[in-house]
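Understanding the architecture of this molecule
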Amino acid sequence: MKVGYIRVSTEEQNTARQEILMNQLGVEKVFIDKCSGKNSNRPKLLEMMNYIREGDTVVVSEISRFARNTKDL
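My aim in this report is to walk through the structure given alongside it, one point at a time. Since the model is a prediction, treat every value here as computed from it, not as a measurement. (Residues numbered from 1 in each chain as written. Predicted model: local features only at pLDDT ≥ 70, side-chain atom pairs only at ≥ 80, totals over all residues. Heavy atoms only, no water.)

**Comments concerning the side chain of Arg-65**
- Mapping Arg-65 onto the fold places it in helix H3 (residues 63–66).
- Buried and unpaired, Arg-65 has no salt bridge, with Glu-62 as the nearest side chain of opposite charge at 4.5 Å.
- Ignoring any residue separated from it by four or fewer positions in sequence, one finds Arg-65 in contact with Tyr-5, Arg-7, Val-8, Gln-18 and Arg-42. (Helix = DSSP H or I, 4+ residues; strand = E, 2+ residues; numbered from the N terminus. Buried < 20%, exposed > 50% of the residue type's maximum accessible area, 1.4 Å probe, protein only. Lys, Arg positive; Asp, Glu negative; His and termini not counted. Salt bridge = Lys/Arg side-chain N within 4 Å of Asp/Glu carboxyl O. Contact = heavy atoms within 4.5 Å.)

**Some details on the sheet that holds strand S3 (residues 57–59)**
- Spatial strand order, S2-S1-S3: three strands in an open sheet with parallel pairing. A single partner strand is all that each edge strand has here, and the edge strands are strand S2 (29–34) and S3. Strand after strand, the sheet turns through a mean of 20 degrees between neighbouring axes, direction not considered.
- Relative to S3, strand S1 (residues 2–8) runs parallel, the two being bridged by three bridges. Each bridged residue has a counterpart across the sheet, and for Gly-4 the counterpart in S3 is Val-59.
- Here helix H2 (residues 43–51) sits on the sheet in contact with S1, S2 and S3, set at roughly 155 degrees to S2. (Pairing = 2+ DSSP bridges. Axes fitted to C-alpha atoms, helices over the stretch in contact; angles between N-to-C directions.)

**Some details on the pattern of salt bridges**
- Inspection of the entire model under this criterion finds two salt bridges.
- Arg-17 is the salt-bridge partner of Glu-62, the closest N and O atoms lying 3.7 Å from each other. Note that Glu-62 is positioned in the loop between S3 and H3 and Arg-17 in helix H1 (residues 16–24), a separation of 45 residues in sequence.
- Accessibility expressed as a relative area gives 37% for Glu-62, which makes it partly exposed.

This is how it looks when you write it as structure tokens:
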């Protein structure tokens, strides 16, 4: 299953560009956070990590939406 993760830094920012990409890529389930990436304790990120199973593919529009650096990754 393709599982998508979308993140923007604030409530005011728009997720449409990332959502369109997920749709184009055939992502079946999407998790959306509207919070800073400085903290890996993001509600929807944690929910996604509990949801995914072996064999699933996690899709992000760009790596910075998922993690700020390789240590966080």
